[in-house]
Amino acid sequence: VPALATERRFAQRLREYLEEEQLLDGRYQLQQVPGGRVALPVLEEKVSQRCLPPKMPCELVRIQDPVPSRAARRRTPAQKLRDELRRLLGGTWTEELERDVPHAWQRHGDLVLLSEDSFKAEPWERLGKGGQGACPGPARGAAHISQISRDGCVAGSVLWETVASALGARRVARRGRVMPDGMRTPSVTLLLGQDGWVEHVDNGIRWAGAAGCRWRGEGTALTISAGSSRYTFDVTKCMFSPGNITEKLRVASLPCSGEVLVDLYAGIGYFTLPFLVHAGAAFVHACEWNSHAVEALRRTLVLNGVRDRCHIHAGDSRQLELRGVADRVNLGLIPSSEEGWPVACRVLKKDTGGVLHIHHNVETPPAPAPPQTPVLPAERGSPEAASSGGEAQHPTEDGAKETRGARLRPEWQRWAEDTATRIQGLLAELHGRPWCTSLLHIEAVKSYAPHVHHLVLDLECRPVLP
């Protein structure tokens, strides 16, 4: 680290001058150097452009083992990333570049997934060229400053290695827009690393009896407690939505012991896994048509020791040949799972029925005043429907800040009632006899877009007894 060394009697005056001129590198502590002198870490690119006062004799030296300052040890990862990039680029650093450095990202093991709008300014595009697919290794960061050309260009691998080092990762990727191919295939560019296969641990999902369990690292391996869910997938081929964690937690707590579940849109096992591992489902039929997600799901089931309790139906779930096997059906597709409703009705047990978990994006215009608390009818098609007084639990408008017992939006209620009526009609037509549908619960998973909410309706469906 570059520093200015001076006699102890000049150290305080020099420090004040460096702070005033914004030349002091606050990431490191002052250190003693041979000859009884004190070395003050500086920003070299700025010092070279200034004339130091002659009354403060000093010389430029290098501190071989710099000690981080207290402020540096308190730095957030985002601050550390900006500092390391600024140090790498030296005098070519600009405000435009700083605005383009991300403040948040997803982490999957040793891979950091940057947002779509990260490092998109023209200078970053120029700096990052040539680094894609580079083999991961110890990030070298500022040791590669010599590779920066006069116009500010740096080898792409050095740029991404610096990002990886600052964020404690070995691989770096950047998201693009989801492809409109019906499979929600991600457009992800691997910037550093050989492949995109990762493991993700939902360590917050636990069942009774797993309290106090933890995971720990042992060398390069990871030992996971029985109360965790582990997913493995290729980030360049499969979607992973951390915004669905509240719904996965809810699914994990459902009483599914001994039940058979059909998951019509399984993906890599977002909901298949908590149903099996935590909710106690006896068996799951998982449907998925994306071949990459099917492979990820197979690996995930093996990873969690539940492969023998799940059958994967690869292909279009609308062509599923199962009939009358399910106690519960999960329809986890947005913006709408409506195309799967007829299949869901067919797979429910015809004599006892079951529960449908129906995902849907519902538009919610801004309300001029707090809505009145609605009353959920106990049952559609039954004499008791008109006098039911049950109220669903549901979150507030902000799905990320869920509040149990908040008021239900009228638009959500209308969507749920309409869905229940249509499902009831499908079941009656399919079986040739009346069915009843009951609204058990409406869950707001997240805000999907302005005034659009990702909801889940738990709908109980039962045949009417003669």
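Higher on the page you've got the structure.
An account of the accompanying structure is given in this report. (Residues numbered from 1 in each chain as written. Predicted model: local features only at pLDDT ≥ 70, side-chain atom pairs only at ≥ 80, totals over all residues. Heavy atoms only, no water.)

### Here's the deal with the overall build of the chain
For step 1, the next point in the chain: Of regular secondary structure, the chain possesses 12 helices and 19 strands.
For step 2, the next point in the chain: Here the chain, with 466 residues, has 50% of them falling under the buried criterion.
For step 3, the next point in the chain: For the chain, long-range pairs separated by at least 24 residues make up 69% of all intrachain contacts whose partners lie at least 6 apart in sequence.
For step 4, the next point in the chain: Carbon and sulfur atoms provide 51% of the accessible area of the chain, an area that totals close to 22,600 Å². (Helix = DSSP H or I, 4+ residues; strand = E, 2+ residues; numbered from the N terminus. Buried < 20%, exposed > 50% of the residue type's maximum accessible area, 1.4 Å probe, protein only. Contact = heavy atoms within 4.5 Å. Areas by Shrake-Rupley, 256 points an atom, 1.4 Å probe, with all protein chains shown as cover.)

### As for the pairing of strand E6 (residues 111–114)
Residues in a regular strand point their side chains to alternate faces of the sheet.
For step 1, the next point in the chain: A two-sided burial pattern is seen for E6, the buried positions comprising Leu111 and Leu113 on one face and Val112 and Leu114 on the other.
For step 2, the next point in the chain: The pairing of strand E5 (residues 106–108) with E6 spans 3 bridges and is classified as antiparallel. Pairing of His108 across the sheet is with Leu111, part of E6.
For step 3, the next point in the chain: Here E5 folds back onto E6, and the loop between the two strands holds 2 residues, one of which, Gly109, carries a positive phi near 65°.
For step 4, the next point in the chain: The pairing of E6 with strand E7 (residues 171–175) spans 4 bridges and is parallel. Paired with Leu114 across the bridge in E7 is Arg174. (Pairing = 2+ DSSP bridges.)

### A look at unusual backbone geometry
For step 1, the next point in the chain: Following Ile334, the chain continues into Pro335 via a peptide bond in cis, with omega recorded as 15°.
For step 2, the next point in the chain: Mapped onto the elements, Pro335 comes out in the loop between strand E16 (328–331) and helix H11 (341–347).
For step 3, the next point in the chain: Although it is not a glycine, His451 adopts a positive phi angle of roughly 65°.
For step 4, the next point in the chain: Mapped onto the elements of the fold, His451 is located in the loop between strand E18 (435–449) and strand E19 (452–463).

### Looking at the pairing of strand E3 (residues 37–41)
For step 1, the next point in the chain: Counted residue by residue, E3 has 4 buried out of 5 residues, so it is predominantly covered.
For step 2, the next point in the chain: Note: strand E1 (residues 2–7) against E3, 5 bridges, orientation antiparallel. Residue pairing in the sheet places Thr6 in a bridge with Val38 of E3.
For step 3, the next point in the chain: Relative to E3, strand E2 (residues 31–33) runs antiparallel, the two being bridged by 3 bridges. Within E3, the residue paired with Gln32 across the bridge is Val38.
For step 4, the next point in the chain: Taking the residues between adjacent antiparallel strands as the criterion, E2 and E3 are bridged by 3 residues, where Gly35 takes a positive phi near 90°.

### Some details on the environment of Thr300
For step 1, the next point in the chain: For Thr300, the location among the structural elements is in helix H10 (residues 291–303).
For step 2, the next point in the chain: On the basis of relative accessibility, which here comes to 1%, the residue Thr300 falls in the buried class.
For step 3, the next point in the chain: With 31 residues separating them in the primary sequence, Thr300 and Gly269 have C-alpha atoms 7.4 Å apart.
For step 4, the next point in the chain: Other than its neighbours up to four places away in sequence, Thr300 contacts Arg230, Tyr231, Thr232, Ile268 and Leu273.
For step 5, the next point in the chain: A polar contact of 3.0 Å, which involves the side chain of Thr300, links it to the backbone nitrogen of Thr232. (Polar contact = N/O pair within 3.5 Å; in protein donor to acceptor, adjacent residues only side chain to side chain.)

### Things to note about the environment of Asn361
For step 1, the next point in the chain: Within the element layout of this structure, Asn361 appears in strand E17 (residues 354–363).
For step 2, the next point in the chain: Asn361 sits 54 residues away from Trp415 along the chain, and the two C-alpha atoms are 10.0 Å apart.
For step 3, the next point in the chain: Contacts of Asn361, omitting those with residues within four sequence positions, involve Ile334, Pro335, Tyr448, Val452, His453 and His454.

### Regarding the nonpolar core
Grouped burial of nonpolar side chains is what soluble globular proteins tend to show.
For step 1, the next point in the chain: Ranked by internal contacts, the top residues of the largest apolar core, which has 35 residues, are Leu111, Phe233, Ile268, Phe275, Val284 and Leu301.
For step 2, the next point in the chain: At the level of elements, E6, strand E8 (188–192), strand E12 (229–234), helix H9 (272–277), strand E14 (283–288), H10 and strand E15 (310–314) are the ones that each hand at least two residues to this core.
For step 3, the next point in the chain: Two domains each put at least three residues into this core: domain 2 (77–129 + 154–194) and domain 3 (239–365 + 408–463).
For step 4, the next point in the chain: In this structure Val284 touches Leu261, Asp263, Thr272, Leu276, Arg309, Cys310 and His311, once residues within four positions along its chain are discounted. (Core = buried A, V, L, I, M, F, W, Y, C linked by side-chain atoms within 4.5 Å. Domains from an automatic or database assignment.)

### Examining the sheet that holds strand E4 (residues 58–62)
For step 1, the next point in the chain: Across the sheet, which stays open at both edges, the 4 strands sit in the order E2-E3-E1-E4 with antiparallel pairing between neighbours. Both outer strands of the open sheet, E2 and E4, are each paired with one neighbouring strand and no more. Averaged over all pairs of adjacent strands, the angle between strand axes in this sheet comes to 40°, irrespective of strand direction.
For step 2, the next point in the chain: The strands touched by helix H1 (residues 8–20) are E1, E2, E3 and E4; relative to E1, the strand with the most contacts, the crossing angle is about 135°. (Axes fitted to C-alpha atoms, helices over the stretch in contact; angles between N-to-C directions.)

### Re the packing of aromatic side chains
For step 1, the next point in the chain: Considering all chains together, one arrives at 1 aromatic pair under this definition.
For step 2, the next point in the chain: Aromatic side chains Phe119 and Trp160 sit 5.4 Å apart centroid to centroid with 90° between the ring planes, which places their arrangement in the edge-to-face category. Highlighted residues: Phe119 in the loop between E6 and helix H6 (122–128) and Trp160 in helix H7 (residues 156–166), separated in sequence by 41 residues.
For step 3, the next point in the chain: Overall, the relative accessible area of 1% leaves Phe119 in the buried class. (Phe/Tyr/Trp six-rings, centres within 6.5 Å; stacked < 30°, edge-to-face > 60°.)

### Re H10
For step 1, the next point in the chain: With 13 residues, H10 should cover 18 Å at 1.5 Å per step; its first-to-last C-alpha distance of 18 Å lies within 8% of that length.
For step 2, the next point in the chain: Where H10 is buried, its residues meet strand E9 (197–202), E12, H9, E14 and E15.
For step 3, the next point in the chain: Of the residues flanking the start of H10, the one acting as N-cap is Asn290, its side-chain oxygen 2.9 Å from the backbone nitrogen of His292.
For step 4, the next point in the chain: Following H10 by one or two positions, Gly305 adopts a phi angle in the positive range, close to 70°. (Expected span 1.5 Å × (residues − 1).)

### Describing H1
For step 1, the next point in the chain: Along its 13 residues, H1 runs 19 Å from first to last C-alpha, staying within 8% of the 18 Å computed at 1.5 Å per residue.
For step 2, the next point in the chain: What H1 keeps buried is the set Phe10, Ala11, Leu14, Tyr17 and Leu18.
For step 3, the next point in the chain: Each element contacted by the buried residues of H1 is listed here: E1, E3 and E4.

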